[in-house]
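# Structural features, examined
Here is how the chains run, residue by residue.
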Amino acid sequence: MYITDYAKEAQARLYYFFMMADGDVSSAKRARFDQICEEMGIDDYSRDQIIWRCWKPYDKQKISHWEHIREKILQTVRKGEGGFLSSGDLFKRNDVRISVIWTLINLGYADGEYSEAERRIVAMLTDRWGLAQSVTADLTDTAEALAALSRQKEWVKTTSKPYDVIKDTVEELDRNIQMMFDNIKALISEAEIAETEGR
């Protein structure tokens, strides 16, 4: 779920700062970020500007890398929660919050390693937004299962089994992967409905 204008940029900036948590951005994470930007309708020039702004220098004598990333993420989130932006409710709705957490966790697994720094950011935002720990745990478990299924799918393709067996196995894995994505969409939709009914 993506929202327009400043909100798109804010979301993309949040995702990129998250990827910087370990110091470097892996090629797998960068590829996933590019895909997210494309899905959000962010053109290449705007995406590159977002990345450039995220890498702006800071005084490393005064603040650690982790503190810098944490502050930049909180700064982005605070702006998205404030009413002074054209999209001031960016991070106020639970469906958007869950969608953002889901995207962050998926970015964490993009290179096969959901790091401790990345987990700390997800925990920080989960706490800030008052989301149930069980929701984040379910999202993490699903992302982990999806990563395992994707690895299994790639492995099956390299085996010497008959073509029909490989084809059937890959199709079954694809169905399981799609079912998991559908479950996440349903979870986000339920949060959106609950949010609407609560108004």
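Presented here is an overview of the structure given in this document. (Residues numbered from 1 in each chain as written. Predicted model: local features only at pLDDT ≥ 70, side-chain atom pairs only at ≥ 80, totals over all residues. Heavy atoms only, no water.)

## Digging into the nonpolar core
Ile 73 and Leu 125 are the most contacted members of the largest nonpolar core, which has 52 residues in total. Taken together, the elements giving at least two residues each to this core come down to α1 (6-19), α2 (27-40), α3 (44-54), α4 (65-81), α5 (94-109), α6 (116-128), α7 (133-158) and α8 (163-197). In terms of residue count, the dominant contributor to this core is α5 (9 residues). In contact with Ile 73, other than residues within four places in its own chain, are Leu 14, Phe 17, Phe 18, Ile 121, Met 124 and Leu 125. (Core = buried A, V, L, I, M, F, W, Y, C linked by side-chain atoms within 4.5 Å. Buried < 20%, exposed > 50% of the residue type's maximum accessible area, 1.4 Å probe, protein only. Helix = DSSP H or I, 4+ residues; strand = E, 2+ residues; numbered from the N terminus. Contact = heavy atoms within 4.5 Å.)

## A look at the pattern of salt bridges
Going through the model one piece at a time under the given rule, you end up with 15 salt bridges. Here Lys 153 makes a salt bridge to Asp 174, at a shortest N to O gap of 2.6 Å. Of the two residues, Lys 153 sits in helix α7 while Asp 174 sits in helix α8, which places them 21 residues apart along the sequence. You can call Lys 153 buried: its relative accessible area is 18%. Here Glu 171 ties to Lys 167 by a salt bridge, and the two come within 3.0 Å at their closest N and O atoms. Note that Glu 171 and Lys 167 are positioned in helix α8 at a spacing of 4 residues, about one turn of the helix. Lys 167 sits in the partly exposed class, given a relative accessible area of 35%. Here the salt bridges do not stand alone but share partners, grouping Arg 30, Asp 34, Asp 44, Arg 47 and Asp 48 into one network. (Salt bridge = Lys/Arg side-chain N within 4 Å of Asp/Glu carboxyl O.)

## Some points on the environment of Ile 177
Its place among the elements puts Ile 177 in helix α8. The class of Ile 177 is buried, set by a relative accessible area of 12%. Taking the C-alpha atoms as reference points, Ile 177 and Thr 142, 35 residues apart in sequence, are found 9.6 Å from one another. Among residues more than four places away in sequence, those in contact with Ile 177 are Leu 146, Leu 149 and Ser 150.

## What about α1?
Because each turn of an α-helix spans 3.6 residues, side chains separated by three or four positions end up pointing in the same direction. The end-to-end C-alpha distance of α1 is 20 Å, a good match for the 20 Å that 14 residues give at a rise of 1.5 Å each. Most of α1 sits inside the fold, with 12 of its 14 residues counted as buried. Listing the buried residues of α1 in full gives Tyr 6, Ala 7, Ala 10, Gln 11, Ala 12, Arg 13, Leu 14, Tyr 15, Tyr 16, Phe 17, Phe 18 and Met 19. (Expected span 1.5 Å × (residues − 1).)

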